[in-house]
Amino acid sequence: MRRKRNQNIGMISYFNNRVGNLVIKRFFENNIKIKNVILVGFKEKLSVRKNYFNYLNSTKGIELEDLEKYNISFHFVKKINSVYTKNLINKLNIDILLNYSGIIKNQLLQLPNTKIINSHPGMLPFYRGSMCPEWTVINREKIVGATCHLVTKYVDEGPIIYQQKLKYPYPKNYYDFRRKIYDLEAGVLIKGVKLLRKKTKLKFQKKSDGNFYKPMTKKLVSKVKNILKNREFKN
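Residues numbered from 1 in each chain as written. Predicted model: local features only at pLDDT ≥ 70, side-chain atom pairs only at ≥ 80, totals over all residues. Heavy atoms only, no water.

K.L.:
Describe a nonpolar patch on the surface, listing the residues and the values that go with them.
P.N.:
A surface patch of nonpolar side chains, about 300 Å² in accessible area, is lined by Ile103, Val155 and Phe212. By secondary structure assignment, the location of Phe212 is in strand E9 (residues 211–213). (Patch = residues over 30% accessible without salt bridge, like charges linked within 9 Å, V, L, I, M, F, W, Y side chains within 5 Å. Areas by Shrake-Rupley, 256 points an atom, 1.4 Å probe, with all protein chains shown as cover. Salt bridge = Lys/Arg side-chain N within 4 Å of Asp/Glu carboxyl O. Helix = DSSP H or I, 4+ residues; strand = E, 2+ residues; numbered from the N terminus.)

Spelled out as structure tokens, the structure:
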């Protein structure tokens with residue numbers, strides 16, 4: 001049994017993931033300590049290939065060498081859902097694990113003392129899956145947002161801790177729009193951690209609500225850019 005102590009926050013992220021780095025920076029700006037970062041993959045090019053869209057369009061957070069400046073311990077693992085990763089999380093006594101890697105499977109989800117949370121760039125349960133801000137724009141809806149939720153075996157269906165809409169009007173430039181989303185993700189994650197510490201009541205999703213979206217084609221992304229530029233949204 002663990003003795004009473006301050007909750008230990010950690011992160012699992014692809015190596016040099018700039019979105020994860022941005023979140024770390026925002027947490028420290030809000031005086032919330034992240035003690036350990038678990039890095040998946042030894043080579044930056046592997047990380048970029050797996051997470052190319054986020055890497056290309058995100059703002060720069062902190063570089064890996066800056067982790068030492070923030071007194072963050074970092075650990076390398078080859079695979080997310082491995083026995084080695086599971087044992088490492090246990091060894092580090094991580095209570096809340098921020099997920100900026102891939103899909104978390106049962107081996108990690110069954111850790112009894114660790115809550116794994118995610119910031120999803122979409123208003124759950126209505127927008128699940130990939131590129132939800134873009135799909136919201138395609139549907140011309142003014143409900144672009146981000147959601148902090150517990151990670152379960154069902155992708156984007158975990159209990160909602162906190163969510164917030166992006167203030168309209170949205171930036172006309174697509175890349176500025178995406179950067180706003182990343183900042184919002186960091187913000188809802190910070191709020192989510194605070195609420196989780198207070199044991200706030202969670203909102204459970206219904207599987208039947210909303211839709212699950214897949215990655216967009218370049219043609220559709222071009223359409224998103226035009227809708228943002230001309231602000232062609234429903235009243």
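K.L.:
Describe the packing of aromatic side chains, with residues and values.
P.N.:
Scanning the model with the defined rule gives nine aromatic pairs in all. A ring pair is formed by Tyr168 and Phe233, whose centres lie 5.5 Å apart and whose planes are at 75°; its orientation type is edge-to-face. In this pair, Tyr168 sits in the loop between strand E8 (160–165) and helix H7 (174–197) while Phe233 sits in the segment after helix H8 (218–230), placing the two residues 65 residues apart along the sequence. Since its relative accessible area comes to 29%, Tyr168 is described here as partly exposed. With relative accessibility at 11%, the residue Phe233 sits in the buried group. One aromatic cluster is present, built from ring pairs that chain together Tyr168, Tyr170, Phe177 and Phe233. One Lys or Arg, Lys142, reaches over the ring of Tyr168 and ends 4.5 Å from the middle of that ring. Just above the ring of Tyr162 sits the side chain of Lys191; from NZ or CZ to the centre is 5.9 Å. (Phe/Tyr/Trp six-rings, centres within 6.5 Å; stacked < 30°, edge-to-face > 60°. Buried < 20%, exposed > 50% of the residue type's maximum accessible area, 1.4 Å probe, protein only. Lys NZ or Arg CZ within 6 Å of the ring centre and 35° of its normal.)

K.L.:
Provide a residue-level description of the sheet that holds strand E5 (residues 115–120), including the pertinent values.
P.N.:
Within the open sheet, the seven strands sit side by side as E3-E2-E1-E4-E5-E7-E8. Their pairing is mixed. Edge positions in the sheet fall to strand E3 (73–77) and E8, since each of these pairs with one other strand and no more. When the angles between neighbouring strand axes are averaged without regard to direction, this sheet yields 20°. Of the pairings in the sheet, the one linking strand E1 (residues 9–14) to strand E4 (residues 96–100) comprises five bridges and is parallel in character. (Pairing = 2+ DSSP bridges. Axes fitted to C-alpha atoms, helices over the stretch in contact; angles between N-to-C directions.)

K.L.:
Could you give me a rundown of the nonpolar core, with the residues and numbers involved?
P.N.:
Of all hydrophobic cores here, the largest spans 51 residues; its most connected members are Phe27, Leu98, Ile117 and Phe177. Those elements that provide at least two residues to this core are E1, helix H1 (18–29), strand E2 (36–40), E4, helix H6 (132–138), strand E7 (145–150), H7 and H8. With twelve residues, H7 is the single largest residue contributor to this core. (Core = buried A, V, L, I, M, F, W, Y, C linked by side-chain atoms within 4.5 Å.)

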